[in-house]
Amino acid sequence: MTLIANLVFVEEVFYIYRKTPSSKRTIFIWINAAAPVIATTSCIGMWIPRSTMFTDFTAAVFFAIVIHKFLLMMIKECGGQKLFLRRFANERFKISTGPCCCCCLCLPYVHITRRTLFLLKLGTFQLAFLRPVLMFLSIVLWTNGNYNLSKLTPNGAAIWINCFVGVLTIIALWPIGIMFQQVRVLLNCKKIVPKFALYQFVLILSQLQAAIINILALRGIIPCAPPLAALARGAYMNQQLLIMEMFLITLISRAVYRKRYDDLELPECTDQETSDNKQNAKIKLNGKVIEDGTQNV
């Protein structure tokens, strides 16, 4: 399944290079690579159990970058940052969205400006930057024997690093939810809802599923099976599930992203553009103004 998923991804890369505008190619390739990369790391970790920590960290770091790329993709699909700001100049962001503030309905709406857009990008970029740093720190502590997922005590480094990563992840997911609520209707012709659903599935399956299985293994609900300990067996089960799940997501992503994006044009008429067109309809020629075919001196 991992091999087929990677072959499908390679074929999709060739398709993206042929059919997709150059400004979107890199972003689409990064997003489509999430499922094959996770399937590959899971396969390596399943066959080489001692490499599980390194493969899990690699997949986590890669998906942290994909989260940032998904936000950039929604902006790109709106025509880029400048056209996005022009299109939503008179609108506001709804910030009472998940996963941070879905219950805080009293939060005010925020004006869409260059500064707020920068803050949204910063919210996802911090995870793409800090997660590799924390993963590197975890590996260093693990080699020294100070990082052990089987001993989640207040005196250990594992619980604090994982809690901090969890907070960073929640903060990074918040701008994605805010942006999706804003562009969902506009980008309906770009299949933004299925793309967002696939992104959510990869997030839940690669992050939440692993956490649940680890907790079950620590509680003894998943028993040991010699020569595998409970945690190792839980990791083995998670890797098997991820290979099958990422294989299916790769196939679905191929169908969702396989579209001629040049043929899908967003609505071009905005209030600003309408007023500009009215002004351009007046042509000044030799001191005379001609408007709509009528000559006025």
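Residues numbered from 1 in each chain as written. Predicted model: local features only at pLDDT ≥ 70, side-chain atom pairs only at ≥ 80, totals over all residues. Heavy atoms only, no water.

**So, helix 4 (residues 52-77)**
Selection criterion: Helix and strand definitions follow DSSP, with helices as H or I runs of at least four residues and strands as E runs of at least two, each counted in order from the N terminus. Take the residue count of a helix, subtract one, and multiply by 1.5 Å to get its expected span.
Counted at 1.5 Å a residue, the expected span for helix 4 with its 26 residues is 38 Å, and the 36 Å between its end C-alpha atoms agrees. Downstream of helix 4 by one or two residues, G79 has phi in the positive range, about 105°.

**Considerations on the packing of aromatic side chains**
What counts is decided by this rule: Only the six-membered ring of Trp is used, alongside the rings of Phe and Tyr, when aromatic pairs are assigned; centres must lie within 6.5 Å, and planes under 30 degrees apart are stacked while those over 60 apart are edge-to-face, with the rest tilted. For every residue, the accessible area obtained with a 1.4 Å probe (protein chains only) is divided by the maximum for its type, and the residue is called buried under 20%, exposed over 50%, and partly exposed between those limits.
Throughout the structure, instances matching the rule amount to 10 aromatic pairs. Relative to Y257, the ring of F28 has its centre 5.8 Å away and its plane inclined at 70°; by these criteria the two rings are edge-to-face. Taken together, the residues F28 in helix 2 (residues 22-32) and Y257 in helix 9 (residues 230-257) connect sequence positions 229 residues apart. Note on F28: relative accessible area 2%, which makes it buried. Centroid distance F70 to Y199: 4.7 Å. Interplanar angle 15°. Geometry classified as stacked. In this pair, F70 is assigned in helix 4 and Y199 in helix 8 (residues 192-218), connecting sequence segments 129 residues apart. With respect to class, F70 is no different from Y199; both count as buried. Within the aromatic cluster, the residues linked to one another by ring pairs are F63, F70, F180, F196 and Y199.

**Focus on the nonpolar core**
Which entries qualify depends on this criterion: Think of a nonpolar core as a cluster: buried Ala, Val, Leu, Ile, Met, Phe, Trp, Tyr and Cys residues, connected wherever their side-chain atoms sit within 4.5 Å. Any pair of residues with heavy atoms lying within 4.5 Å of one another is described as a contacting pair.
Within the largest apolar cluster, 65 residues are counted, with the highest numbers of intra-cluster contacts made by F70, M73, M74, F84, M179 and M246. Ranked by the residues each element gives to this core, the list is headed by helix 4, at 14 residues. If we ignore the near neighbours within four places in the chain, the residues touching M179 are L71, M74, I75, F84, F93, L117 and L120.

**Remarks on empty space enclosed by the protein**
Basically, it comes down to this: Cavity: a set of points on a 1 Å grid over the protein atoms alone where a 1.4 Å probe fits but cannot get out. Pocket: an open set with protein on both sides within 12 Å along at least five of seven lines, its lining residues, like those of a cavity, having an atom within 4 Å of a point. Grid points are joined across faces, edges and corners, and a volume is the space filled by probe spheres set on the points.
One pass over the structure, following the stated rule, counts 2 cavities of 30 Å³ or more. The space that makes up the largest cavity amounts to roughly 110 Å³. Forming the boundary of the largest cavity are 13 residues, of which I31, A34, L198, Y199 and V202 lie nearest the centre. For the lining of the largest cavity, the leading source of residues is helix 8, giving 4 residues.

**A few points about the layout of surface pockets**
The criterion, for reference: Each residue gets one label: Ala, Val, Leu, Ile, Met, Phe, Trp, Tyr, Cys and Pro are nonpolar, Asp, Glu, Lys and Arg are charged, and the others, such as Gly, are polar.
A volume near 1700 Å³ is recorded for the largest pocket. For the largest pocket, the lining is made up of 50 residues, of which D56, L149, N162, A210 and N214 are closest to its centre. Those elements that provide at least two residues to the lining of the largest pocket are helix 3 (34-47), helix 4, helix 6 (114-143), helix 7 (157-183), helix 8 and helix 9. Of the residues contributing to the lining of the largest pocket, the split by class is 31 nonpolar, 15 polar and 4 charged.

**Topic: the side chain of E12**
Counting through the fold element by element, E12 comes out in helix 1 (residues 2-19). Assessed through its relative accessible area of 3%, E12 is described here as buried. Setting aside its immediate chain neighbours within four residues, E12 contacts N32, R254, Y257 and R258.

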